[in-house]
Amino acid sequence: RLELKRIQQDLGATMLYVTHDQMEALTMATRIGVLEQGRLVQVGTPQQVYEDPASTYVAARLGSPRINLIARALVPGVGAPGQTATVGVRAEHLRLHGASAASERPAARVRRIERLGDRQLIHVQLAGTEQELVTAAPGGADFEPGTAVQLELLRPLWFDAAGQRIAA
């Protein structure tokens, strides 16, 4: 990847690189085109496509861990636009807080933790559902499996019933 990127920069040439590997696309591209069933559905810089996906399909193609896609009914207090069917939230935009009876935040329980050194991926299950979400937390975050938590959705993305993005 790095060698191809260096060659492209040294030559100043336009290169078309086709890959199914999202990490290659994110690290090598200056622009990404996302195809869905042979149709070009979004074009932009890697950051534009990642942060402002046109659909749930595009949102699910970039990011590790994958974006959390949640039925709106499972998170009623998030203030979504009326036609929202699905709420999308990236792992780095999902914060955990200790459980509080006075909070209106969605309740969940920590299922497991992947410790990755400088950060952790914390898998939680929404209360009363089978829906599991993943959040990225600093390496020193103090949560353990079984802990009751509440979720704060930062920068959620709204999608309609057809999976198309709704402007906030």
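Source: prediction; values computed, not measured.

(A) Up close: the overall build of the protein chain. Looking only at helices and strands, one finds four helices and eleven strands in the protein chain. Along the first, second and third principal axes, the C-alpha set of the protein chain runs to 60 × 40 × 20 Å. Burial status across the protein chain gives 36% buried among its 168 residues. Long-range contacts, defined here as pairs at least 24 residues apart, represent 51% of the contacts in the protein chain between residues at least 6 apart. For the protein chain, the computed accessible surface area is about 9800 Å², with 51% contributed by carbon and sulfur atoms.

(B) Geometry of unusual backbone geometry. For the bond running from Ser-64 to Pro-65, omega is 5°, close enough to zero to count as cis. Examined against the element boundaries, Pro-65 turns out to sit in the loop between helix 4 (56-61) and strand 3 (68-71). In this model, Gln-37 sits at a positive phi of 50°, which is unusual for a non-glycine residue. One non-glycine residue with positive phi stands out, namely Arg-155, at about 55°. Tracing the backbone through its elements, the reader meets Arg-155 in the loop between strand 9 (148-153) and strand 10 (157-159). Residue Arg-155 is classed as exposed on the basis of its relative accessible area, which comes to 51%.

(C) Examining the layout of surface pockets more closely. Considering only enclosed or pocket space, the largest pocket measures out at about 910 Å³ in volume. Lining the largest pocket are 31 residues, and of these Tyr-17, Thr-19, Ala-25, Ile-32 and Gly-33 sit closest to its centre. At the level of secondary structure, the elements contributing two or more residues to the lining of the largest pocket comprise helix 1 (2-11), helix 2 (22-28), strand 1 (32-36), strand 2 (39-44) and helix 4. Examining the composition of the lining of the largest pocket, we find that five residues originate from one element, strand 1, more than from any other. Split by residue class, the lining of the largest pocket holds 16 nonpolar, nine polar and six charged.

Criteria and thresholds
Along each chain, residues carry numbers from 1 onward, in the same order as the chain's sequence is written. Where local features are concerned, this predicted model is filtered to residues with pLDDT of at least 70; where side-chain atom pairs are given and counted, the filter is 80 or more; whole-chain, interface and lining totals use all residues. Side-chain calculation: all heavy atoms of the structure are included, whereas hydrogens and water are not. Where helices and strands are cited, they refer to DSSP runs of H or I of at least four residues and of E of at least two residues respectively, numbered from the N terminus. The buried label goes to any residue with under 20% of its type's maximum accessible area, the exposed label to any with over 50%, and the partly exposed label to all in between, with areas taken from a 1.4 Å probe on protein chains only. It only takes one pair of heavy atoms within 4.5 Å for two residues to be counted as in contact. Calculation of accessible area relied on Shrake-Rupley with a 1.4 Å probe; when residues are assessed, cover is drawn exclusively from the protein chains displayed. Lining residues are defined by having an atom within 4 Å of a point belonging to a cavity or pocket. Those points lie on a 1 Å grid over the protein atoms alone, cavities being sets where a 1.4 Å probe fits but cannot get out and pockets being open sets with protein on both sides within 12 Å along at least five of seven lines. Grid points are joined across faces, edges and corners, and a volume is the space filled by probe spheres set on the points. Any residue outside Ala, Val, Leu, Ile, Met, Phe, Trp, Tyr, Cys, Pro, Asp, Glu, Lys and Arg is labelled polar, Gly included; the first ten of those are nonpolar and the last four are charged.

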